[in-house]
Amino acid sequence: MSVPLSFLLGMGAAFACSELVEWLPGEAQSLDLVIGIGFLALPVLWLALAGRSILAALGADRPPSRAARLLLRTAVLSVPLGSAAVVGLGGWHDLVERWAPDSNTARFACLLLPTTLLEFLFRFGIARLARRIAARGSELELQFESGTGPMVALVLVCALLLGAAMDLAALSSALEIFFGTTTLGSTLGLLVLVVAGSALLPLLFRVLLPTSTELPARIAGDLREVAARLGFRPSALLSLDTGLHMVNAALVGPLRWPRYLILSDGILAYLDAATLRGVVAHEIGHARAGHPLLIVLVILVVPILLLQPVMALDLDAVDPWLLIGGGAALATIALLGIRRLMHRFEYEADHLSARALGGATPCIAALLRVGELFPGHSFSSSFRHPSEVDRVQTLVAHENDPDRSERFRRRGRTLRIGLLLLGLATLTLSAVAHAQVFASDMATQAFYSSRFDDAERWLAQVPAGEARETTLREDLEAALALRDELGVASATRSELADAAFARAITLAAGDTPARSRPYFALALAKPHDDPLRLSAWLWSDAVANGDAERGARIAAHLVEHFDAPPALRDLMIRVRDGG
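The structure contained in this document is the topic of the report that follows. Here the structure is a predicted model, which is why all the values come from computation and not from measurement.

**Examining a nonpolar patch on the surface**
So, point 1. A cluster of nonpolar side chains, L162, M166, L190, L193, L307 and M311, forms an exposed patch at the surface whose accessible area comes to about 500 Å².
So, point 2. Secondary structure elements with two or more residues in the nonpolar patch: α8 (149-170), α10 (183-208) and α14 (291-312).
So, point 3. The topology assignment puts L190 in helix α10.

**Topic: the nonpolar core**
So, point 1. Ranked by size, the top nonpolar core spans 44 residues in total, and within it L223, F232, L261, L263, I267 and L268 carry the most contacts.
So, point 2. No other element matches the six residues that helix α13 (residues 273-288) contributes to this core.
So, point 3. What L263 contacts, discounting residues up to four positions off in sequence, is L223, L238, S239, L240, N248, A249, L268, V279 and V280.

**Things to note about the sheet that holds strand β3 (residues 249-252)**
So, point 1. One open sheet accounts for four strands, arranged β1-β2-β4-β3; its pairing is mixed. At either end of the open sheet lies a strand with only one pairing partner, and these are β1 (211-212) and β3.
So, point 2. Alignment of strand β2 (residues 237-240) against strand β4 (residues 260-264), held across four bridges, turns out to be parallel. Looking at β4, one finds that S239 is bridged to L263.
So, point 3. Each of β1, β2, β3 and β4 touches α10; the most contacted strand, β4, lies at about 35° to it.

**Examining the pattern of salt bridges**
So, point 1. Inspection of the entire model under this criterion finds 26 salt bridges.
So, point 2. D453 is the partner of R483 in a salt bridge, and the nearest nitrogen-oxygen pair spans 3.3 Å. Of this pair, R483 sits in helix α21 (residues 467-486) while D453 sits in helix α20 (residues 452-459), and the two are 30 residues apart along the sequence.
So, point 3. By relative accessible area, which is 11% here, R483 ends up buried.
So, point 4. Given a relative accessible area of 36%, D453 falls into the partly exposed group.
So, point 5. Residue R503 pairs with E485 through a salt bridge whose shortest N-O separation is 2.6 Å. With R503 in helix α22 (residues 493-509) and E485 in helix α21, this residue pair connects regions lying 18 residues apart in the sequence.
So, point 6. Classification of E485 by relative accessible area gives exposed; the value is 53%.
So, point 7. Salt bridges sharing partners connect three or more residues here, namely E22, E27, R550 and R553.

What counts, and where the lines are drawn
Residues numbered from 1 in each chain as written. Predicted model: local features only at pLDDT ≥ 70, side-chain atom pairs only at ≥ 80, totals over all residues. Heavy atoms only, no water. Patch = residues over 30% accessible without salt bridge, like charges linked within 9 Å, V, L, I, M, F, W, Y side chains within 5 Å. Areas by Shrake-Rupley, 256 points an atom, 1.4 Å probe, with all protein chains shown as cover. Salt bridge = Lys/Arg side-chain N within 4 Å of Asp/Glu carboxyl O. Helix = DSSP H or I, 4+ residues; strand = E, 2+ residues; numbered from the N terminus. Core = buried A, V, L, I, M, F, W, Y, C linked by side-chain atoms within 4.5 Å. Buried < 20%, exposed > 50% of the residue type's maximum accessible area, 1.4 Å probe, protein only. Contact = heavy atoms within 4.5 Å. Pairing = 2+ DSSP bridges. Axes fitted to C-alpha atoms, helices over the stretch in contact; angles between N-to-C directions.

Everything listed here is a matter of geometry and, on its own, says nothing about what the molecule does.
As structure tokens, then:
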């Protein structure tokens, strides 16, 4: 009961390309979009190639070749690759910025539209191939998740709700500036999202997916009695309609409320009452041991708290290849640690299930029955679960050896002390790192709130030399200079924007084009989504960084796409022509 990997990778590719692939404002054209849209056919073509080879093998009464099976397994990559092509090569995110410049909700909806279409085409292709294989009388399994539509819808709704929350925060300029421009605000904003998501996701799961409080009459009373005896709300036991495609159970919700125990229709149909008691006790064991909350803390909260300490490191001085290698090694260690933690939690839930029911028989019966339904998985572990065989052997060992069972419980206490120490160490590192940039954060917030004098006072407390503070000082000096010239002590950034744009053009056309950057930046305050001013600022930033090639590209873009003021247009023509 998880989001399909293809869709998750597609979402990641879409957001990554929107950030990493640069399209200048208004640069994407119809031909670019047509090229990108052509990649929407990638899932169908990929599955067609794999299916053609597999069907030919079945028609000749021989097993599919390794190449065909590999092509089929890698078909999930068609969704992220197609998303990257549409968003990156097709300039989709540039069009999205034009269509929805002021709404994060609309922007997220448009940005994820190609990925959603690709996922639909991918699932359509899988279903079509499965029907053709079944028509040949073969029992070959494609090993892809079924009934993924509701989970995709759940993720999309979460993305739209995130956009709506950002739009609501933007109604208050103070909140928008705090969460959007300061490191402390960014960290706290991410933590707020984790808490809100922990509370909201179970409710969305309950509403958006075909769940019901109705359980089969033959087992309803027995399962609810087990839940109540173990301290779990009987009304929180839900069935999930998957058309018998899914044989699974899951605990949804890291908080005590809202939290649901979901039993798919497949597991309710294929397991008897005694075996289902073991399943329910196992899932409630996760809740009683606090596993969902611990996983959220380790996977989400700890990385969020580590963001600022990592940013405080002088990574620019490190050799890029060493940085890549070190990052890959740390990521591998972290993933292996998370995998081991999740396996440990499964063993703990099994152990608690056996203790709650007075013996390991129900849990062992459930594991053996699942092994019968999926014989290929009995001896293999996944990222989240140990193999059924290992779990059965561990349960038997604990039941036959009380001392071993006690040692297992003690290791669990030691593990939690270690996780507590990890959390405290991470929190301390984060607090120290944020304290070091607190004055810079306050200066940033004051500047973007048009409290220029406060920004100047806070910047006086910041050591010189940091790139971020240097840029902020330049922007503040430009704002103070314009404010003094206009003679309006209470002038805001928006009120200074037009004068800043005129000053920027004058400086850019003179002998000191690099000095125009802070004025072009200040000009963005009104209107903030003007593609002409944004392009001019990008040009000035390229000049300030000594990137002549990028500067010439942006200059050509400005001349071609915008009706710029004459002085700026003449300058861009000279830059474009190498003058």
